[in-house]
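# An overview of the molecular structure
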Amino acid sequence: VGDTMTTTTSKPVPVDPSALSDSDLSLDFLRVVEQAGIACAHTMGQGDRHKSDQVAVEAMRQEMDSVPIDGTIVIGESERDEAPMVYIGEKVGVAHGVTGPYPQVDIAVDPLEGTNLCATGAPNALAVLAASESGGLLHAPDIYMEKLVVGPSARDVVDLDAPVRFNLRAIAQANSRRVEDLVVIVLDRPRHAKLIDEIRASGARIRLIGDGDLSAGIAAAVVGSGVHAVMGTGGAPEGVLTAAAMRCLGGEIYARLVVNSPEHEQRCHAMGITDISRIYRSKDLASGANIVFAATGVTDGTLMKGVRFFGDGIRTTSLVMQTHPHRIRFIDSIHVQAKGPTAKIRF
């Protein structure tokens with residue numbers, strides 16, 4: 001765990017186009033999710049999910065323009081919305097309107113993963129960003145996606161089309177456990193009633209969640225989290241973000257778009273997706289050689305504490321991961337607000 005002290009950001013300078021793998025750039029992305037997390041944490045528990053999302057979007061977008069990249073948002077606010085910022089196709093970074101050798105970067109963001117979680121003060125709300133070199137992230141439409149997420153030990157022993165009991169038995173064997181020892185996270189939705197019955201019939205245990213299957217997917221890939229799989233249907237954009245995290249953690253996501261109307265099919269084609277029945281894995285959804293994933297806890301969760309406010313500053317806990325160089329960092333940051341020797345730093 002590292003401690004960082006937030007200071008005034010100086011004007012960034014152009015960097016080499018290969019710098020996506022530079023640790024300094026990953027810390028720039030860290031700063032983006034930290035500011036988004038802090039902004040929406042001020043609204044935690046106030047019951048206004050739209051306000052929580054709005055302030056997270058505004059803070060993330062403002063901080064994004066200090067990152068030394070020529071960036072393009074490929075997953076952001078819904079392609080169906082006329083969003084004023086972090087919309088799909090928006091250009092971000094200091095290279096916006098500036099010439100210079102800045103790296104071209106595709107960016108997927110969820111300024112507030114779990115808007116309801118933040119609005120109600122429930123666990124596992126996150127501010128999330130994933131980045132890759134241009135073309136390294138699937139342009140996923142905002143529709144549902146079937147998902148099966150597992151950790152490194154079970155990444156090659158499951159099948160999205162296999163019966164639930166088969167997959168759970170394979171996951172248990174890969175983890176040297178009984179099926180009864182497994183914990184599977186499922187979104188608590190009426191559409192999952194049959195899936196829940198099948199998991200319970202196998203003997204495995206279920207943790208139902210109201211929102212936040214991205215944070216659940218990350219937990220499934222971390223040994224010791226107490227989570228062994230995530231099953232069910234959730235948002236496709238979150239599936240791409242989960243895939244980026246799996247590329248860094250060594251876990252795996254199996255996913256397939258849920259296309260059940262001509263409108264869905266048209267939206268897939270508009271995103272360049274022609275094989276609508278394809279089963280994707282993490283390297284298909286996040287194919288880039290250089291992946292950076294950053295997330296800051298907004299409310300307390302399985303892996304990270306939420307934002308904490310005190311008299312002289314703010315404390316955040318974040319996860320920053322890269323494929324090149326391959327590293328995973330939990331970063332505890334204290335953002336000091338008071339000036340002078342009277343400032344009190346609390347640990």
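In the block above lies the structure referred to throughout.
Reference entry: report on the structure contained in this document. (Residues numbered from 1 in each chain as written. Predicted model: local features only at pLDDT ≥ 70, side-chain atom pairs only at ≥ 80, totals over all residues. Heavy atoms only, no water.)

Okay, the overall build of the protein chain next. Within the protein chain, the regular secondary structure consists of 9 helices and 14 strands. Looking at the protein chain as a whole, 55% of its 347 residues are labelled buried. Long-range pairs, those at least 24 residues apart, make up 70% of the contacts in the protein chain with a sequence separation of at least 6. Counting every atom, the protein chain has about 15000 Å² of accessible surface; 50% of that belongs to carbon and sulfur. (Helix = DSSP H or I, 4+ residues; strand = E, 2+ residues; numbered from the N terminus. Buried < 20%, exposed > 50% of the residue type's maximum accessible area, 1.4 Å probe, protein only. Contact = heavy atoms within 4.5 Å. Areas by Shrake-Rupley, 256 points an atom, 1.4 Å probe, with all protein chains shown as cover.)

What follows covers the packing of aromatic side chains. All told, the structure shown has 0 aromatic pairs when counted by the stated rule. Directly above the aromatic system of Tyr144 lies the positively charged group of Arg191, at a separation of 4.3 Å from the ring centroid. (Phe/Tyr/Trp six-rings, centres within 6.5 Å; stacked < 30°, edge-to-face > 60°. Lys NZ or Arg CZ within 6 Å of the ring centre and 35° of its normal.)

Counting across every chain of the model gives 0 disulfides. With no disulfide of its own, Cys118 lies 4.8 Å from the sulfur of Cys40, the closest cysteine sulfur. For Cys118, a relative accessible area of 0% translates into the label buried. (Disulfide = S-S within 2.5 Å.)

One finds Leu257, Leu285 and Phe293 to be the most contacted residues of the largest nonpolar core, which totals 47 residues. In terms of residues, this core owes the most to one element, helix H7 (residues 236-249), which gives 9 residues. Non-local contacts of Leu285, meaning those with residues more than four positions away in its chain, are made with Gly136, Leu137, Leu138, Met145, Gly239, Val240, Ala243, Ile253, Ala255 and Tyr280. Grouped together as the second largest cluster of nonpolar side chains are 24 residues, Val32, Met60, Ala127 and Ala294 included. (Core = buried A, V, L, I, M, F, W, Y, C linked by side-chain atoms within 4.5 Å.)

It is worth spelling out unusual backbone geometry at this point. In this structure, the amide linkage connecting His324 to the following residue, Pro325, adopts the cis form with an omega of -5 degrees. In this structure, Asn124 takes a positive phi of about 75 degrees despite not being glycine. Although it is not a glycine, Ser176 sits at a positive phi angle of roughly 55 degrees. With respect to the element layout, Ser176 can be found in the loop between helix H4 (164-174) and strand E7 (183-187). Taking relative accessible area as the criterion, Ser176 reaches 71% and is therefore assigned exposed.

Here the focus is the environment of Gln173. Residue placement: Gln173 occurs in helix H4. Judged by its relative accessible area of 59%, Gln173 falls in the exposed class. In this structure the C-alpha to C-alpha distance between Gln173 and Ser153, which are 20 residues apart in sequence, comes to 9.5 Å.

Here the focus is the sheet that holds strand E9 (residues 229-235). Two modes of strand pairing occur in sheets, parallel and antiparallel, and in both the strands are linked by backbone hydrogen bonds. The 5 strands lie next to each other as E8-E7-E9-E6-E10, forming an open sheet whose pairing is mixed. With partners counted over all chains shown, the strands left at the sheet margins are strand E8 (205-209) and strand E10 (252-257), one partner each. Adjacent strand axes in the sheet meet at a mean angle of 20 degrees, parallel and antiparallel pairs treated alike. Note: E7 against E8, 5 bridges, orientation parallel. Looking at E8, one finds that Leu187 is bridged to Ile209. Each of strand E6 (144-150), E7 and E9 is contacted by H4, which is oriented at about 135 degrees to E9, the strand it contacts most. Across the sheet, helix H6 (residues 213-220) touches E6, E7, E8 and E9, and the angle it forms with E9 is around 155 degrees. (Pairing = 2+ DSSP bridges. Axes fitted to C-alpha atoms, helices over the stretch in contact; angles between N-to-C directions.)

Time to look at the environment of Val86. Residue placement: Val86 occurs in the loop between strand E2 (70-75) and strand E3 (91-92). Overall, the relative accessible area of 0% leaves Val86 in the buried class. Distance in space between the C-alpha atoms of Val86 and Gln62 is 10.0 Å, their sequence separation being 24 residues. Once residues lying within four places of it in the same chain are set aside, the contact partners of Val86 are Val57, Arg61, Ile73, Gly76, Glu77, Val109 and Pro111.

Okay, the environment of Val32 next. Along the chain, Val32 turns up in helix H1 (residues 23-41). Beyond its immediate chain neighbours, meaning those up to four positions away, Val32 contacts Met60, Glu63, Met64, Val67 and Leu129.

The next thing to look at is H6. The buried count for H6 comes to 8 of 8 residues, which makes it a mostly enclosed element. Among all positions in H6, only Asp213, Leu214, Ser215, Ala216, Gly217, Ile218, Ala219 and Ala220 are buried.

Moving on, we come to helix H2 (residues 49-64). For H2, with 16 residues, the first-to-last C-alpha span of 22 Å sits near the 22 Å given by 1.5 Å per residue. By the burial criterion, the buried members of H2 are Ser52, Asp53, Ala56, Val57, Ala59, Met60, Arg61, Glu63 and Met64. (Expected span 1.5 Å × (residues − 1).)

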